[in-house]
Structures are given as structure tokens and as C-alpha cells.
Amino acid sequence: MKLAIGCDHVGWELKPAIIEFLEEIGHTVQDFGTTSDLRVDYPEYAQAVSEAVVSKKCDLGILICGTGVGISIAANKIKGVRAVVCSEPYSAKLSREHNNTNILAFGSRVIGSELAKMITKEWLEAVYEDGRHQKRVDQIAEIENL
């Protein structure tokens with residue numbers, strides 16, 4: 001699977017560990033930045049990753065900022081994105097199974113690298129269940145068209 005990843009200046013220290021983990025488990029990763037601790041604006045990176053996912057250049061995306069909240073809010077402004085911020089594996093898993101999320105966000109000030117890997121693994125291994133959940137996913141898509 002090809003994954004897009006991006007972060008702001010707060011998330012850049014965690015990002016290499018996640019990239020390494022993703023590559024170890026067999027994924028290809030496209031890094032959309034940032035690459036230092038110089039202050040940047042997270043919406044730029046959220047947009048780049050989101051557009052790569054929505055355009056199908058990448059299958060899924062991962063975003064990292066201090067809490068995961070701001071960068072996920074920005075990502076969810078892009079039509080077709082269903083981003084979730086998670087600080088534990090169970091919600092990550094269910095977000096894929098029930099909501100068909102296509103971008104995972106987390107905060108480098110909230111979780112460490114090992115928990116981030118566990119969350120990412122659960123999220124990537126989960127499979128969208130479709131069925132009864134599709135009606136709600138469709139309703140979310142309709143809201144985007146308002």
C-alpha cells in the first residue's frame with residue numbers, strides 16, 4: 001500500500017519512526033514534510049496529504065501535529081477526507097471498520113512512538129465492514145455537498 005505522511009514542526013521528530021515502521025511492514029511512504037523543527041503551519045501539510053489520498057495518488061494518509069486535532073480538522077475540510085485523530089488503537093480500528101477513515105492523525109505531544117506504531121498497525125489492518133455503516137458514510141459525503 002502507498003501511504004502519504006505529513007506533519008508540522010511539532011510532529012517532525014515522531015514522523016521518521018512512523019515512516020520506518022511503515023516501510024518495515026511493507027508499505028511505500030510518500031513524505032509531504034515538514035523536515036525540521038522550524039515553525040510551519042499544519043494546514044499546508046494536511047492539505048497536501050489529503051489531496052494525495054483523495055486523488056488516489058496514495059491509498060491512505062497519516063498526519064502528525066502536537067495533538068493531532070488541528071491537523072485532522074484541516075484535513076477534514078478537503079472533500080472526500082474522513083480523518084480521525086486517535087490516541088489509542090481501539091478507536092483507530094473502529095474508525096476504519098465503521099467509518100472507512102482514510103487519514104489517521106495523532107499527536108506527538110500526546111503519545112510516544114511505540115503507541116503511535118500500535119495505533120497505526122491497528123488502523124491499517126482494520127477492514128471497512130460496509131453494510132449497515134455505508135448509509136452513514138454516504139450521509140457524511142452528502143454533508144460535504146451542502
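Owing to the predicted nature of the structure, the values given are computational and were not obtained by experimental measurement. (Residues numbered from 1 in each chain as written. Predicted model: local features only at pLDDT ≥ 70, side-chain atom pairs only at ≥ 80, totals over all residues. Heavy atoms only, no water.)

Undergrad: So what about the overall build of the protein? Which residues, and what values?
TA: Scanning the protein from N- to C-terminus turns up six helices and five strands. Reading the secondary structure of the protein in the N-to-C direction produces β-α-β-α-β-α-β-α-β-α-α. Its C-alpha atoms give the protein a radius of gyration of 14 Å, near enough to 15 Å, the size a compact globule of 146 residues would have. Structurally, the protein occupies a C-alpha span of about 40 × 30 × 25 Å along its principal axes. (Helix = DSSP H or I, 4+ residues; strand = E, 2+ residues; numbered from the N terminus. Rg over C-alpha atoms; globule rule 2.2 N^0.38 Å.)

Undergrad: I'd like a rundown of the pattern of salt bridges, residues and numbers included.
TA: Side-chain pairing between opposite charges can occur once the charged atoms of the two side chains come close. By the definition in use, this model includes four salt bridges. Put simply, lysine 121 and glutamate 125 hold a salt bridge, and the shortest N to O gap is 2.8 Å. Of this pair, lysine 121 and glutamate 125 are both found in helix α5 (residues 113-125), four residues apart, which corresponds to roughly one turn of the helix. (Salt bridge = Lys/Arg side-chain N within 4 Å of Asp/Glu carboxyl O.)

Undergrad: Could you give an account of the sheet that holds strand β3 (residues 60-65), naming the residues involved and the relevant values?
TA: Taken in spatial order, the five strands of this open sheet run β2-β1-β3-β5-β4, and their pairing is parallel. Whereas interior strands pair on both sides, the edge strands pair on one side only; in this sheet they are β2 (28-31) and β4 (83-85). This sheet shows a mean twist of 25° between the axes of neighbouring strands, independent of strand direction. Here helix α2 (residues 42-54) sits on the sheet in contact with β1 (2-7), β3 and β5 (103-107), set at roughly 170° to β3. (Pairing = 2+ DSSP bridges. Axes fitted to C-alpha atoms, helices over the stretch in contact; angles between N-to-C directions. Contact = heavy atoms within 4.5 Å.)

Undergrad: Tell me about α5, and please be specific about residues and values.
TA: Helix length check: α5 (13 residues) gives 18 Å between terminal C-alpha atoms against 18 Å at 1.5 Å per residue, within 8%. Check the buried side of α5 and you find it contacts β1, α1 (15-24), β3, β4, α4 (89-99) and β5. (Expected span 1.5 Å × (residues − 1).)

Undergrad: Report on α4, specifying residues and quantitative values.
TA: For α4, the complete set of buried residues consists of Pro89, Ala92, Ser95, Arg96 and Glu97. On its buried face, α4 sits against β3, β4, β5 and α5. With a side-chain oxygen lying 2.9 Å from the backbone nitrogen of tyrosine 90, the N-terminal cap of α4 falls on glutamate 88. Among the residues trailing α4, asparagine 100 stands out with phi positive, at a value near 50°. (Buried < 20%, exposed > 50% of the residue type's maximum accessible area, 1.4 Å probe, protein only. Polar contact = N/O pair within 3.5 Å; in protein donor to acceptor, adjacent residues only side chain to side chain.)

Undergrad: Describe the nonpolar core, and please don't skip the residues or the numbers.
TA: Judged by nonpolar contacts, the single largest core of 22 residues is most densely connected at Ile18, Leu22, Ile62, Ile64, Leu104, Phe106 and Trp123. Contributions of two or more residues to this core are made by β1, α1, β3, β5 and α5. The residues touching isoleucine 64, leaving out its near neighbours within four places in the chain, are Ile5, Gly6, Cys7, Asp8, Gly11, Leu14, Lys15, Ile18, Ile71, Phe106 and Ser108. In this structure, Ala4, Val49, Ala52 and Cys65 belong to the second largest nonpolar core, which totals 16 residues. (Core = buried A, V, L, I, M, F, W, Y, C linked by side-chain atoms within 4.5 Å.)

Undergrad: Lay out the packing of aromatic side chains with the relevant residues and their values.
TA: By the definition in use, this model includes zero aromatic pairs. For the cation-ring pair, arginine 96 lies above tryptophan 123, with the distance from its terminal atom to the ring centre recorded as 5.4 Å. (Phe/Tyr/Trp six-rings, centres within 6.5 Å; stacked < 30°, edge-to-face > 60°. Lys NZ or Arg CZ within 6 Å of the ring centre and 35° of its normal.)

Undergrad: Run through the side chain of histidine 133, naming residues and quoting values.
TA: In this fold, histidine 133 is placed in the loop between α5 and α6 (134-144). Those residues in contact with histidine 133, other than ones at most four positions away along the chain, are Glu97, His98 and Tyr128.

Undergrad: Explain the packing of α4 against α5 residue by residue, including any values.
TA: Relative orientation of the contacting elements α4 and α5 amounts to 25°, with a least axis distance of 8 Å. Looking at the two axes, α4 sits roughly parallel to α5. Crossing angle aside, the handedness with which α4 passes α5 is right-handed. The segment α4 lies against α5, with Pro89, Ala92, Lys93, Ser95 and Arg96 engaging Leu115, Met118, Ile119, Glu122 and Trp123. Of the residues belonging to the contact of α4 with α5, the class tally is six nonpolar, one polar and three charged. (Parallel < 35°, antiparallel > 145°, perpendicular 65-115°, else oblique. Left-handed = near helix turned anticlockwise from the far one by under 90°. Nonpolar A, V, L, I, M, F, W, Y, C, P; charged D, E, K, R; others polar.)

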